[in-house]
Amino acid sequence: MLSIESQHLLYHFQGDCNYTVVETCTNSSERFSVTTRNEHRGNPNWTALSSIAVTLKNLHIVVRKNKETYVDGVQVHPPVDLKHGARVTLKGHYVVIDTSIGIQVKFDGDQELFIQADESLKGKLCGLCGTYTDNQLDDFLKPDKVLEQDPNKFGDSWVVKDDSWMCNPVAVVPPTCDAVKEKEYEELCKIILKSSGPFEVCHWHIPPQLYFESCVYDLCATEGNSEQFCKVLEAYAAACELGGVNLGEWRKNTICGHEVCTFLT
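Note that the coordinates shown come from a computational prediction; the quantities given were computed from them, not determined experimentally.

### Brief notes about the nonpolar core
Now for step 1: One finds Ile-192, Phe-229, Leu-233, Tyr-236 and Leu-247 to be the most contacted residues of the largest nonpolar core, which totals 31 residues.
Now for step 2: Elements supplying a minimum of two residues to this core: strand E11 (94-98), helix H2 (179-189), helix H3 (209-221) and helix H4 (226-242).
Now for step 3: Among the elements that take part in this core, H4 stands out by supplying ten residues, more than any other.
Now for step 4: Other than its neighbours up to four places away in sequence, Leu-247 contacts Pro-198, Phe-199, Val-201, Cys-202, Ala-237 and Cys-240.
Now for step 5: Among the nonpolar cores identified, the runner-up in size contains 26 residues, and Val-80, Val-95, Ile-101 and Leu-121 belong to it.

Structure, rendered in structure tokens:
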């Protein structure tokens, strides 16, 4: 889980276990949770999503790599309507899970996860994505209702025990990035910020600075992996799309053209 953005609060957490991303934290008949499984991918300093799970009442939906989707342990092929008003569809690069309680989950079957919550859920949520109270000061609320200051300790507190998944319950803190390399990565990632770049039309709708910072961080953690660079650009483009901004062929004139980053197509 390279970076997490919650109401424009960015932090980095490299845990390699199962974690609660969002769940209801108040007394409610509409209980639900979204959990993720993280894994190292050839780099001990960096993790990415391996699968996600949505639990709603007695309904359990799992989306694994390559968008393989399971409902209560049985593989399904979207689109499919489920009990409790849930629906699973394929939209673009994503498996989309819609619920009747105001939560939508979008997962690309690789490492990109978006969770949208209706305003009716404000103040009722907790987990790695925060409390959804419009107050960033209480986002690092642990399951014991104690506020944490350290992102890694906060992330570790939301681990979900799973005997079938061996992991380190204490998240790895990546080493400091080499200053020369960091400068190089900053220059690469500035494509997100450029006023005349492919993302310019989105800047007013979705602030680009957090994605720029995430881009630099990810390149430092993965030692300049070009696929991860393209993944960050894809994440910003996807956020823009969710915000109603059409970027057109943003990959054109970048190293993330279809012929280079075919994993995006």
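### With respect to H4
Now for step 1: The terminal C-alpha atoms of H4 lie 24 Å apart, and with 17 residues this matches the ideal 24 Å at 1.5 Å per residue to within 8%.
Now for step 2: Extensive coverage of H4 is indicated by the burial of 13 of its 17 residues.
Now for step 3: Where H4 begins, one side-chain oxygen reaches toward the backbone nitrogen of Glu-227, 2.9 Å away; that side chain belongs to Asn-225.
Now for step 4: Just beyond H4, the residue with positive phi is Gly-244, at close to 85°.

### Looking at the packing of H2 against H3
Between two packed helices, the angle of one axis relative to the other and the distance separating the axes together describe the packing.
Now for step 1: H3 packs onto H2 with a crossing angle of 135° between their chain directions and a minimal axis gap of 9 Å. In terms of their interaxial angle, H2 and H3 are classed as oblique. Between H2 and H3 lies a crossing of right-handed hand. Here Glu-182, Tyr-185, Glu-186, Leu-188 and Cys-189 of H2 lie close against H3, whose contacting residues are Phe-212, Cys-215, Val-216, Leu-219 and Cys-220.

### A closer look at the confidence of the model for the chain
When pLDDT is low, close inspection of the predicted coordinates is not appropriate.
Now for step 1: Mean pLDDT over the chain works out to 89, with 93% of the residues at or above the 70 mark.
Now for step 2: Across the chain, element-level confidence peaks in strand E7 (residues 69-71) with a mean pLDDT of 98 and bottoms out in strand E1 (residues 4-6) with 49.
Now for step 3: In this model residues 258-265 is a low-confidence stretch, pLDDT under 50, and it forms 16 contacts with partners more than four residues away in sequence or in other chains.

### With respect to the sheet that holds E11
Now for step 1: The strand order E9-E10-E11-E12-E13 describes an open sheet built from five strands, whose pairing is antiparallel. Lying at the two open borders of the sheet, with one neighbouring strand each, are strand E9 (80-81) and strand E13 (113-117).
Now for step 2: Pairing between strand E12 (residues 103-107) and E13: five bridges, direction antiparallel. Residue pairing in the sheet places Lys-106 in a bridge with Phe-114 of E13.
Now for step 3: The strands touched by H4 are E11, E12 and E13; relative to E13, the strand with the most contacts, the crossing angle is about 25°.

What counts as what
- Residues numbered from 1 in each chain as written.
- Predicted model: local features only at pLDDT ≥ 70, side-chain atom pairs only at ≥ 80, totals over all residues.
- Heavy atoms only, no water.
- Core = buried A, V, L, I, M, F, W, Y, C linked by side-chain atoms within 4.5 Å.
- Buried < 20%, exposed > 50% of the residue type's maximum accessible area, 1.4 Å probe, protein only.
- Helix = DSSP H or I, 4+ residues; strand = E, 2+ residues; numbered from the N terminus.
- Contact = heavy atoms within 4.5 Å.
- Expected span 1.5 Å × (residues − 1).
- Polar contact = N/O pair within 3.5 Å; in protein donor to acceptor, adjacent residues only side chain to side chain.
- Axes fitted to C-alpha atoms, helices over the stretch in contact; angles between N-to-C directions.
- Parallel < 35°, antiparallel > 145°, perpendicular 65-115°, else oblique.
- Left-handed = near helix turned anticlockwise from the far one by under 90°.
- pLDDT = per-residue confidence, 0-100.
- Pairing = 2+ DSSP bridges.

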